Amino acid sequence: MPFQIGIVGLPNVGKSTLFNALTRSKGAQAANYPFCTIDPNVGIVEVGDERLQKLADIVHPDRILPATVEFVDIAGLVKGASKGEGRGNSFLSNIREVHAICHVVRIFEGGDIIHVEGTVDPKRDREIIELELILADLKSVQDRLDKVAGAARTGNKDKIFEQAVLKKIEAALQDEKMAIFVELDKEEAAIVKTFQLLTSKPMIYAINTSEDQLRDMTPEKAKTQLGLPDNAELVLISAKIEEDLQDLSKEDAQVFLEDLGVTSSGLDRLIHVAYNALGYITYFTAGVQEVRAWTVKKGSTAPQAAGVIHTDFEKGFIRAETISYNDYITAGSEQKAKEMGKMRLEGKDYIVQDGDIMHFRFAN
């Protein structure tokens, strides 16, 4: 199952235009009035990885299957969404299931495009959305505190622990601090994950610029405008340009991007930033039927990686025949890599590395 990224922001900041460009579709309404997106649109997007094609050029498989990201286009949030303003409650519930949030912030002026707040102010707009997420989480945490209070009073150790963690998160949210920035130990982090808090998800900022701004703007300048720290995950993108690129051939699109002074599509950069922010790496399987990219968390063991393909592979794991990507490409084939001594037999404790080509042996 692909990991999900929810696209959020104020109305008319370019979310649906960005979604349409990401998914190369016209699936999301993109109109000049608030709430033109009512139900969340969902689209699956391939993660570009040149390594996949290089492996395919060697193996000549029947098909090539890249890793994927699922984008969910959430309708525009407004001030007061956490209290049900606009269409807030239903929209906020759509974000709880996603793995990360892509916050689209508009910095282009564009007088023809209505701004729900009347003016374009990137820092204010960012803070409006983040405060609504914080307030929604605060209500969720306080509701949960009410539910565990009785069991905690009876001495239930699990509920006492949960109550302590909830209070820790509550204090941070009351200070308008997102849950993801609260220091937690391993046990606390595990229980917070079950809360499905909006502000505990990684946040990626997609800064929607005009064509002229895209030529001159830098991530550093954008972070200053938004009041973001240096380590924030941020991508500069022109949703309108990206949508226009759909109608061009790959070659023409590349020429157009070069004319703008950028080396790659903003969408490609957004997908890779999201992929990295979630702490994922890619391993490959390569055979005549298919060459395929698989997504696993950094630090995953070989059995856990096998389980991504099928739970039976993890349960019956025996070993993983493993070749690093560079060794595979240098050898020019799996057989050559074997002959060169580059294939390793890895056991249950092996930590999968990005780019590994793996073949799993398992017992039925």
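We now turn to the structure provided with this report.

About the thresholds
- Residues numbered from 1 in each chain as written.
- Predicted model: local features only at pLDDT ≥ 70, side-chain atom pairs only at ≥ 80, totals over all residues.
- Heavy atoms only, no water.
- Buried < 20%, exposed > 50% of the residue type's maximum accessible area, 1.4 Å probe, protein only.
- 1 Å grid on protein atoms, 1.4 Å probe; cavity = no way out; pocket = protein on both sides within 12 Å on 5 of 7 lines; lining within 4 Å.
- Points joined across faces, edges and corners; volume = space filled by probe spheres on them.
- Phe/Tyr/Trp six-rings, centres within 6.5 Å; stacked < 30°, edge-to-face > 60°.
- Lys NZ or Arg CZ within 6 Å of the ring centre and 35° of its normal.
- Helix = DSSP H or I, 4+ residues; strand = E, 2+ residues; numbered from the N terminus.
- Arc of directions from axis to C-beta.
- Contact = heavy atoms within 4.5 Å.
- Core = buried A, V, L, I, M, F, W, Y, C linked by side-chain atoms within 4.5 Å.
- Axes fitted to C-alpha atoms, helices over the stretch in contact; angles between N-to-C directions.
- Parallel < 35°, antiparallel > 145°, perpendicular 65-115°, else oblique.
- Nonpolar A, V, L, I, M, F, W, Y, C, P; charged D, E, K, R; others polar.
- Polar contact = N/O pair within 3.5 Å; in protein donor to acceptor, adjacent residues only side chain to side chain.

### Quick word on unusual backbone geometry
Phase 1 of the analysis: Positive phi is not limited to glycine here, since histidine 60 has a value of about 55 degrees.
Phase 2 of the analysis: Residue classification places histidine 60 among the exposed residues on the basis of a relative accessible area of 59%.

### Thoughts on empty space enclosed by the protein
Phase 1 of the analysis: Under the counting rule described, the total for this entry stands at 1 cavity of 30 Å³ or more.
Phase 2 of the analysis: In this structure, the largest cavity occupies an estimated 40 Å³ of space.
Phase 3 of the analysis: Every residue lining the largest cavity is listed: Val47, Asp49, Leu52, Pro66, Ala67, Thr282 and Ala293.

### With respect to the packing of aromatic side chains
Phase 1 of the analysis: Counted according to the given criterion, the structure contains 3 aromatic pairs.
Phase 2 of the analysis: When the ring centre of tyrosine 325 is taken as reference, the NZ or CZ atom of arginine 51 above it lies at 5.9 Å.
Phase 3 of the analysis: The ring centre of tyrosine 280 lies 5.1 Å from the NZ or CZ of lysine 297, which sits over that ring.

### Some words on helix 8 (residues 219-226)
Owing to its 3.6 residues per turn, the α-helix aligns residues three or four sequence positions apart on the same side.
Phase 1 of the analysis: Those residues of helix 8 that fall on the buried side of the exposure criterion are Ala222, Lys223 and Leu226. Down the axis of helix 8, the buried side of the element spans an arc of 100 degrees, and every buried residue falls inside it. Facing away from the buried surface of helix 8 by more than 90 degrees, the exposed residues are Glu220 and Thr224.
Phase 2 of the analysis: Those residues of helix 8 that are buried lie in contact with strand 5 (100-106), helix 4 (122-153), strand 6 (203-208) and strand 7 (233-237).
Phase 3 of the analysis: Glycine 227 lies just past helix 8 and shows a positive phi near 70 degrees.

### Structural notes on the environment of alanine 253
Phase 1 of the analysis: Mapping alanine 253 onto the fold places it in helix 10 (residues 250-259).
Phase 2 of the analysis: A residue is classified by how much of its surface remains accessible, and alanine 253, at 12% relative accessible area, is buried.
Phase 3 of the analysis: Among all residues touching alanine 253, those that are not within four sequence positions of it are Leu245 and Leu248.

### Observations concerning the nonpolar core
Phase 1 of the analysis: By size, the foremost hydrophobic cluster in this structure holds 88 residues, and its most contacted members are Leu18, Leu22, Phe71, Tyr205 and Ile207.
Phase 2 of the analysis: No other element matches helix 4, which puts 9 residues into this core.
Phase 3 of the analysis: What isoleucine 207 contacts, discounting residues up to four positions off in sequence, is Val105, Ile107, Ala222, Leu226, Leu234, Val235, Leu236 and Ile237.
Phase 4 of the analysis: Core analysis: the next-biggest nonpolar cluster, separate from the first, contains 13 residues, Ala302, Ala320, Val352 and Phe360 among them.

### Let's talk about helix 1 (residues 15-22)
Phase 1 of the analysis: With respect to burial, helix 1 is a largely interior element, 8 of its 8 residues being buried.
Phase 2 of the analysis: Here helix 1 has its buried residues at Lys15, Ser16, Thr17, Leu18, Phe19, Asn20, Ala21 and Leu22.

### Comments concerning the packing of helix 5 (residues 157-174) against helix 6 (residues 186-195)
Phase 1 of the analysis: Two elements in contact, helix 5 and helix 6, have axes separated by 10 Å at closest approach and are oriented at 80 degrees. Looking at the two axes, helix 5 sits roughly perpendicular to helix 6. Across the interface between the two elements, Phe161, Glu162, Val165, Leu166, Lys168 and Ile169 from helix 5 touch Glu187, Glu188, Ile191, Val192 and Phe195 from helix 6.
Phase 2 of the analysis: The residue makeup of the contact of helix 5 with helix 6, split by class, is 7 nonpolar, no polar and 4 charged.

### Brief notes about the environment of glutamate 314
Phase 1 of the analysis: Within the element layout of this structure, glutamate 314 appears in helix 13 (residues 311-315).
Phase 2 of the analysis: C-alpha separation for the pair glutamate 314 and phenylalanine 362, spaced 48 residues apart in sequence, amounts to 7.8 Å.
Phase 3 of the analysis: When sequence neighbours within four positions are dropped, the list of residues in contact with glutamate 314 reads Pro303, Gln304, Ala306 and Gly307.

### Looking at the side chain of glutamine 163
Phase 1 of the analysis: Within the fold, glutamine 163 resides in helix 5.
Phase 2 of the analysis: The class of glutamine 163 is buried, set by a relative accessible area of 19%.

### Re the side chain of glutamate 188
Phase 1 of the analysis: Tracing the backbone through its elements, the reader meets glutamate 188 in helix 6.
Phase 2 of the analysis: Residue classification places glutamate 188 among the buried positions, given a relative accessible area of 13%.
Phase 3 of the analysis: A polar contact of 3.2 Å, which involves the side chain of glutamate 188, links it to the side chain of lysine 168.
Phase 4 of the analysis: Filtering out sequence-adjacent residues up to four positions away, glutamate 188 remains in contact with Phe161, Val165, Lys168 and Glu183.

Read these as geometric descriptors, not functional statements.
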